[in-house]
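Architecture and fold: a report
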Amino acid sequence: MAKLALRVNGGNREIESADPDVPLLYVLRNHLGLTGTHFGCGLAQCGACTVLVGGRAVRSCVTPARSVAGQDVVTIEGLGSPDRPDPLQAAFIAEQAAQCGYCTAGMVMTARALLARTRRPSEQQVRQALAGNLCRCGSHARVIRAVLRAASAPPGGR
Amino acid sequence: MAALSISRRSFLAAGGVLVVGLGLDGVGRASAQTVAGADRFLGKSLAPDAVDSFLAVHADGSVTLFVGKVDIGTGGRIAMRQIVGEELDVPLERIAMIEGDTALTPNQGATAGSYGIARGGTQLRQAAATARQALLAQAAQRLGRPAGDLQIVDGVVRAKDGTGAVTYGELIGDRAFNLKVDGGAPLKAPQSFRFIGKSLPRPDLPAKVTGRHRYLHDLTLPSMLHARVIRPPAHGATLVSVDESSVAAIGSARVVRIQNFLAVVAEREWDAVRAARALQCKWTAGTGLPDSTKEFDSMRASRVVRDQEIAKRGDLSALSAPAPGMRALAASYRWPIQTHGSIGPSCGVADVRADRATVWSSSQNTHGFQTTCARLLGLERDRVRVIYLDGAGSYGPNGADDAAAEAALLSKTLGKPVRVQWTRQEEHGLDPKGPAQLLELRAAVDADGEVAAWETQAWLPIATANLPNIPLLSLDAAGIPQTPGRSTGLIYQNVDPPYTMPNVNAVVHWIPDAPLRTSAIRAPGKVANTFAVESFVDEIAALARVDPVEFRLRRLTNPRGLEVLRRLTARMGWQPRPSPRPVDPKAAVLTGRGIAYIHYKHEETLVAMGMEVAVERATGRIRVTRVVCAQDCGLMINPDCVQSQLEGNIIQTLSRTLHEEIVYDRNGVTTVDWASYPILTFPEVPALEFELIQRLDQPPLGVGEAASTPVPAALGNAVFDATGVRLRTVPFRADRVKAALARS
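Cut-offs applied
- Residues numbered from 1 in each chain as written.
- Chains lettered and ligands numbered in written order.
- Predicted model: local features only at pLDDT ≥ 70, side-chain atom pairs only at ≥ 80, totals over all residues.
- Heavy atoms only, no water.
- Helix = DSSP H or I, 4+ residues; strand = E, 2+ residues; numbered from the N terminus.
- Rg over C-alpha atoms; globule rule 2.2 N^0.38 Å.
- Buried < 20%, exposed > 50% of the residue type's maximum accessible area, 1.4 Å probe, protein only.
- Contact = heavy atoms within 4.5 Å.
- Areas by Shrake-Rupley, 256 points an atom, 1.4 Å probe, with all protein chains shown as cover.
- Pairing = 2+ DSSP bridges.
- Axes fitted to C-alpha atoms, helices over the stretch in contact; angles between N-to-C directions.
- Buried area = accessible area lost by both parts, 1.4 Å probe.
- Salt bridge = Lys/Arg side-chain N within 4 Å of Asp/Glu carboxyl O.
- Polar contact = N/O pair within 3.5 Å; in protein donor to acceptor, adjacent residues only side chain to side chain.
- Nonpolar A, V, L, I, M, F, W, Y, C, P; charged D, E, K, R; others polar.
- Domains from an automatic or database assignment.
- Phe/Tyr/Trp six-rings, centres within 6.5 Å; stacked < 30°, edge-to-face > 60°.
- Lys NZ or Arg CZ within 6 Å of the ring centre and 35° of its normal.
- Disulfide = S-S within 2.5 Å.
- Core = buried A, V, L, I, M, F, W, Y, C linked by side-chain atoms within 4.5 Å.
- 1 Å grid on protein atoms, 1.4 Å probe; cavity = no way out; pocket = protein on both sides within 12 Å on 5 of 7 lines; lining within 4 Å.
- Points joined across faces, edges and corners; volume = space filled by probe spheres on them.
- Parallel < 35°, antiparallel > 145°, perpendicular 65-115°, else oblique.

Bringing the overall build of chain A into the picture now. For chain A, the count of helices and strands is 5 helices and 5 strands. Counted from the first residue to the last, chain A has its helices and strands arranged as β-β-α-β-β-β-α-α-α-α. A compact globule built from 158 residues should have a C-alpha radius of gyration of about 15 Å, and chain A, at 15 Å, falls within 12% of that. Structurally, chain A occupies a C-alpha span of about 45 × 30 × 25 Å along its principal axes. Residue burial in chain A is summarised as follows: out of 158 residues, 58% are buried. The contacts in chain A between residues at least 6 apart in sequence include a share of 58% that link residues at least 24 apart. Working note: accessible area of chain A is about 5700 Å², and carbon and sulfur atoms make up 48% of it.

Residues and elements named next belong to chain B. Read across the sheet, 3 strands follow the order 3-4-5 without closing on themselves; strand pairing throughout is mixed. Because the sheet does not close on itself, it has two edges, and the strands there are strand 3 (55-57) and strand 5 (95-99). The average undirected angle you get between the axes of adjacent strands in this sheet is 15°. Two elements, strand 3 and strand 4 (residues 63-67), share 3 bridges in a ladder whose sense is antiparallel.

It is worth spelling out the side chain of T63 of chain A at this point. As for its position among the elements, T63 of chain A is in the loop between strand 4 (56-59) and strand 5 (72-74). Once residues lying within four places of it in the same chain are set aside, the contact partners of T63 of chain A are V22, P23, L24, V58 and V68 of chain A.

What follows is about the interface of chain B and chain A. The interface is formed by 65 residues belonging to chain B together with 57 residues belonging to chain A. Carbon and sulfur atoms supply 57% of the area that chain B and chain A bury against each other, a total of about 5000 Å² over both sides. If you sort the residues of chain B by the area they bury against chain A, V209, W270 and F682 of chain B come out on top, with a joint share of 18%. Our count for the chain B to chain A interface comes out at 5 salt bridges. As a salt-bridge pair, R29 of chain A and D218 of chain B come within 2.8 Å of each other at their nearest N and O atoms. For the pair chain B and chain A, the interface holds 29 residue pairs in polar contact (both at pLDDT 80 or more). Elements with a contribution of two residues or more to the side of chain B that touches chain A: helix 1 (8-16), helix 6 (205-209), strand 9 (225-230), helix 7 (269-278), strand 19 (418-421), helix 12 (424-430) and helix 17 (639-658) of chain B. Per element, the largest residue contribution to the side of chain B that touches chain A is 10 residues, and it comes from helix 17 of chain B. Residue composition of the side of chain B that touches chain A, by class: 25 nonpolar, 21 polar and 19 charged.

All names here are of chain A. Segmenting chain A into domains produces domain 1 (2-78) and domain 2 (87-152). For domain 1 and domain 2, the distance between their C-alpha centres works out to 21 Å. Counting each side, the surface lost to burial between domain 1 and domain 2 is near 1100 Å², with a carbon and sulfur contribution of 60%. Summed over the three residues of domain 1 that lose the most area to domain 2, namely H38, L52 and I76, the buried surface amounts to 39% of that side. Here domain 1 is connected to domain 2 by 0 salt bridges. Where domain 1 meets domain 2, there are 5 residue pairs in polar contact (both at pLDDT 80 or more). Elements with a minimum of two residues in the side of domain 1 that touches domain 2: strand 3 (50-53) and strand 4. When residues of the side of domain 1 that touches domain 2 are assigned to their parent elements, the largest contribution, 3 residues, is made by strand 3. Across the side of domain 1 that touches domain 2, the residue classes tally to 8 nonpolar, 7 polar and 1 charged.

Once that is clear, we can look at the packing of aromatic side chains. Residues and elements named next belong to chain B. Under the defined criterion, the tally for this structure stands at 9 aromatic pairs over all chains. Ring centres 5.9 Å apart and planes at 65° place the aromatic pair W335 and F531 in the edge-to-face group. You can see W335 sitting in strand 15 (residues 327-335) and its partner F531 sitting in helix 14 (residues 526-543), a full 196 residues away along the chain. The two residues W335 and F531 agree in class, both being buried. Seen in terms of ring centroids, W454 and F536 are 5.3 Å apart; in terms of plane orientation they differ by 75°. Their pairing is edge-to-face. With W454 in strand 21 (residues 451-461) and F536 in helix 14, the pair connects residues that are 82 residues apart, well separated along the chain. The residues W454 and F536 share a single accessibility class, namely buried. Through pairs of rings, three or more aromatic residues link up here, namely Y333, W335, F531 and F732. The aromatic ring of F66 is capped on one face by K44, whose charged end is 4.0 Å from the ring centroid. We note R593 situated over the ring of W574; from NZ or CZ to the ring centre the distance is 3.6 Å.

Next up on the list: the state of the cysteines. By definition, a disulfide is the covalent link that joins the sulfur atoms of two cysteine residues. All names here are of chain A. Evaluation of the coordinates by the stated rule reveals 0 disulfides over all chains. Of the cysteine sulfurs around C46, a residue in no disulfide, the closest is that of C41, at 3.8 Å. Residue C46 is classed as buried on the basis of its relative accessible area, which comes to 2%. Cysteine C61 remains unbridged, with the sulfur of C49 as its closest cysteine sulfur at 3.7 Å.

Counting 95 residues, the largest nonpolar core has W454, M611, I622 and L715 of chain B as the members making the most contacts within it. The biggest single contributor to this core is helix 14 of chain B, with 9 residues. In contact with M611 of chain B, other than residues within four places in its own chain, are M572, G592, R593, G594, V624, R626, V627, L654, V711, A714, L715 and A718 of chain B. The next biggest cluster of nonpolar side chains, apart from the first, holds 77 residues, and it includes I93, M107 and C137 of chain A together with I679 of chain B.

Residue and element names in this part refer to chain B. As enumerated under the stated definition, the model contains 64 salt bridges over all chains in all. The closest approach of N and O atoms between D291 and K294, which form a salt bridge, is 3.3 Å. Classification of D291 by relative accessible area gives partly exposed; the value is 37%. What makes K294 partly exposed here is its relative accessible area of 45%. By sharing partners, the salt bridges in this structure join R560, E563, R567, R571, E612, R626, D632, E689, E691 and R695 into a single network.

Further remarks concern the side chain of S535 of chain B. Residues and elements named next belong to chain B. Take S535: it is sitting in helix 14. Exposure remark for S535: the relative accessible area of 1% places this residue in the buried category. Ignoring sequence-local partners within four residues, the contact set of S535 consists of Y333, T530, A713, N717 and R726.

Before going further, it helps to examine empty space enclosed by the protein. Applying the stated criterion across every chain, the model contains 7 cavities of 30 Å³ or more. Counted as a void, the second largest cavity has a volume near 70 Å³. Within the lining of the second largest cavity, the residues separate by chemical class into 8 nonpolar, 4 polar and 2 charged.

The side chains of a regular strand alternate between the sheet's two faces. All names here are of chain B. Most of strand 25 (residues 622-632) is tucked away, with 9 of its 11 residues classed as buried. Two strands pair when backbone bridges link them, and strand 24 (residues 606-616) and strand 25 are joined in this way by 10 bridges, in the antiparallel orientation. If you follow V607 over to strand 25, its bridge partner there is Q631. What sits between strand 24 and strand 25 in their antiparallel hairpin is a turn of 5 residues, with G620 showing a positive phi close to 80°. Across 7 bridges, strand 25 lies against strand 26 (residues 687-693) in parallel orientation.

What follows concerns the packing of helix 5 (residues 140-152) of chain A against helix 17 of chain B. Contact geometry of helix 5 of chain A with helix 17 of chain B gives a least axis separation of 9 Å together with a crossing angle of 115°. With respect to helix 17 of chain B, the element helix 5 of chain A is oriented roughly perpendicular. Touching H140, A141 and R142 of chain A of helix 5 of chain A are D640, Q643, S644, E647 and I651 of chain B, all from helix 17 of chain B. Residue composition of the contact of helix 5 of chain A with helix 17 of chain B, by class: 2 nonpolar, 3 polar and 3 charged.

Next comes the structure, spelled out in structure tokens:
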């Protein structure tokens, strides 16, 4: 059994895995019960499993959990809650920017990373940042509006 | 967004928390439900004509809805509440909703055909109106006042003069209505609408956006095993041998084999993944699929099971013997095999006991699947409970039923709950596909530009009558009998033009085979059929040198159809002229505009769609810059949810038209991921504009499909307008467009 020490959503978590190469996605979902991060392809092609590692958006389905030891991992659950959504999530709700919602967490995390490095992105930058996040229901236009809405909100505002 | 905010409490009731209760003291009482305490309703009426089947009013004045139609991301969860809140006069935050649970919800048929609100919601509305009528009568008796002296406000029946009041809870509180749905119960008049027609926010979004929404994929049960199914490497291959020792090193992993059905299970999901990768087994050679490059030739040359006349009127002689001055036009349109492409591969969870079973599925047809599952498990139908939980969006039957059946089979074998998770490769490779379609059109056009005769011939794979379910992979593999056949949806509709043309022949040649397993895919058949019909109309208009809008307006009598076309062209700022526009031979980017029109199934929603495109001559790449959609779907319960569906229709169908084609070789599908089967991405999404016509006095029509259908023709017509090149084969990939431009 390999022991892994992770820092997830601000807390220290220890898990044991028979396979030292277990991907972060499976640790989050199955060991830690953080099911907001979704399995979409296992190939880093769709973005449904996107989380933040050290502030960067990464595909947890192809990221070995051990490779992120010592770094801050943030999942969708680490932002806000249904009662207290963070400003980006509140913008998604205001724009009703999801249909089935399966891909949504990955988009929120990708957008979060974008807004951290580019406070006021252009629409073009939002589209480019989300180019690797696939949506099949067709919520794209609303997602773009939601990210731009969050970007235009006053800093620290809700 | 409108003002109503759904409270935390009702959000929880709406699906925020997945309550897993395992009190195993009754039939099927082992449920994960999206509404806490849902199992207290077990034993309630499920009769399709009983008020109690659809709703219950509780002592505290809250209401629970039981809805056979499921919300696959479409907004049903708010729209159904709006409908019932309106008719009952109950605030929406007091309404909980249970969906697609065979033990609790009436069988309203599959969530398909754009009938969720149009039929399912209408049934619910009439049930609520019946309940209101009964409650008003009871209140009249209780208060000793004629019903005409009473009014209902927020679930309280009051005397208008303020002399008495009684709550719904006091009147009926958790007791059955014992009433049949009264088709004559009066409906709320539009001028009194409080909820219907408002763009209220969906109750499931806060949880979806914050990662708290529990999907089927997130369901865990005590002692549940994770499974992966091992697929044959070639179509039709059978299992020769399995080396179980190849997974011995992986903790809890074990192998399950039932004839040619092979799976690995493990306590940890990742162990199941590793075991699936490590397992060594031998398969026979496959039986071989036909040559995919000859697919359309094979369809054209196929034996025909029977011909179905869709439309036949007038004198068709001009087709074979055009009069002097007439011009003949013929064209062939091809639509490829496509996948549903759900972002989350299918999943199923089952807990099968000796005498009963519970299956959790994202099936769009839980009641239909209940029958299949009972047969598969050898149980009576009422011993099997199928509970809908949200999966990744589905647009027709994807792999959900397969995954659930596989979970049931494994749970029965192992005596423990089992979760089956498909891989991306399985979803792309094995989900039942939208079939290929071949349409050949001919017309004779006289000197005045009139259509002297029109003919559509379509070659389509025949569906099997009364098929209980799409044939499932695991049953064949495990040697369990099932009804063979094919399901496709009503793919023959809209092969004939929606215009007044005196001489029309439209026939479907039903062919016996399709190379890959099929099922209904969003707006089944009608996307390709409308592509052919509305492109060909455009060809005729171009031949006649008539503006394509003008050409259609002249041949349209339906006033609602005329209105969507006029609203569209006004919004677009459409300048009448024939297509194509004069092409500048030196321009690197060519721009144009196109339209298409549909009267869905010739009797439902009406859509006019316009597009503006830019085509790069050097690369053949098409950039869609603007889409305008005008729609009349009758009464819109929630206009924002309607628009959301239209956005989905447009973006998904643009993706299907520009990019998507399933390719296979002798062994199976080769486009098994998002690299080999790309879909539309964020940078490609055009500006979308809508003209939605609200008709408060009309019944609601479907919105989940209709606006898909004009997309390919509107796009192809715009490309023709820009370039003079007619695209008749989907997808409009850049290499194909570039080659067509080079030939022009």
